[in-house]
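Listed below, chain by chain, are the residues.
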Amino acid sequence: MCIGIPSKVIALNDQMATVEAMGEQRDVSLILMPEAVELGDYLLIQVGNFAVEKIEPQRAREALDYLREVAEQAGLQPA
């Protein structure tokens, strides 16, 4: 099983995007996206740094809140 972490698009450059999630930034490929991506969109990122799905902002925030809660319960320090 693979967990896709919702990540917010903060920069675009052709078929690449810089995304941010839980205080971390990374560059991801948009070549697998079936629809256009805009600044501020939330994407699910899979292994290999490929964006695969656009998700609603509310759903992204709920998932990120849940992941932070799980990390805190596990004694980790989420950003």
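Before going into details, it helps to say that this report is about the structure given with it.

The rules behind each value
- Residues numbered from 1 in each chain as written.
- Predicted model: local features only at pLDDT ≥ 70, side-chain atom pairs only at ≥ 80, totals over all residues.
- Heavy atoms only, no water.
- Helix = DSSP H or I, 4+ residues; strand = E, 2+ residues; numbered from the N terminus.
- Polar contact = N/O pair within 3.5 Å; in protein donor to acceptor, adjacent residues only side chain to side chain.
- Contact = heavy atoms within 4.5 Å.
- Expected span 1.5 Å × (residues − 1).
- Buried < 20%, exposed > 50% of the residue type's maximum accessible area, 1.4 Å probe, protein only.
- Arc of directions from axis to C-beta.
- Pairing = 2+ DSSP bridges.
- Patch = residues over 30% accessible without salt bridge, like charges linked within 9 Å, V, L, I, M, F, W, Y side chains within 5 Å.
- Areas by Shrake-Rupley, 256 points an atom, 1.4 Å probe, with all protein chains shown as cover.
- Salt bridge = Lys/Arg side-chain N within 4 Å of Asp/Glu carboxyl O.

### Structural notes on the side chain of serine 29
Structurally, the position occupied by serine 29 is in strand β3 (residues 24-29). Here isoleucine 31 takes part through its backbone nitrogen, which lies 3.2 Å from a polar atom of the side chain of serine 29. Not counting chain neighbours up to four residues away, the residues in contact with serine 29 comprise Gln15, Met16, Asn49, Phe50 and Ala51.

### Here's the deal with helix α1 (residues 57-73)
An ideal rise of 1.5 Å per residue puts 24 Å on 17 residues; α1 measures up with 24 Å between its terminal C-alpha atoms. Looking at α1, one finds that the buried residues are Ala60, Leu64 and Ala71. Looking down the long axis of α1, one finds its buried residues gathered within 30° of arc, a one-sided arrangement. Residues of α1 that are exposed and point more than 90 degrees away from the buried face comprise Tyr66, Glu72 and Gln73.

### Considering the pairing of strand β1 (residues 5-13)
Pairing analysis gives four bridges linking β1 to strand β4 (residues 42-46), with the strands arranged antiparallel. The residue of β4 that forms the bridge with isoleucine 5 is isoleucine 45. Counting the residues between successive antiparallel strands, the hairpin from β1 to strand β2 (residues 16-21) contains two residues, one of them, aspartate 14, with a positive phi of roughly 60°.

### Digging into a nonpolar patch on the surface
Residues Ile31, Leu32 and Val52 make up a contiguous nonpolar surface patch of roughly 260 Å² in combined accessible area. Mapped onto the elements, leucine 32 comes out in the loop between β3 and β4.

### Remarks on the environment of alanine 51
Looking at the element boundaries, alanine 51 is found in strand β5 (residues 50-55). By relative accessible area, alanine 51 is classed as buried at 0%. Along the primary structure alanine 51 and glutamate 20 are separated by 31 residues, whereas in three dimensions their C-alpha atoms are 12 Å apart.

### Topic: the pattern of salt bridges
Inspection of every chain in the model, using the stated rule, returns four salt bridges. Residue glutamate 35 is joined to lysine 54 by a salt bridge in which the shortest nitrogen-to-oxygen separation is 3.8 Å. Residue glutamate 35 is found in the loop between β3 and β4, and its partner lysine 54 is found in strand β5; the two are separated by 19 residues along the sequence. Relative accessible area serves as the criterion here: at 26%, lysine 54 is assigned to the partly exposed category. For arginine 68, the salt bridge goes to aspartate 65, with nearest N and O atoms at 3.4 Å. Of this pair, arginine 68 and aspartate 65 both sit in helix α1, three residues apart, roughly one helical turn. Members of the salt-bridge network, linked through shared partners, are Glu35, Asp41 and Lys54.

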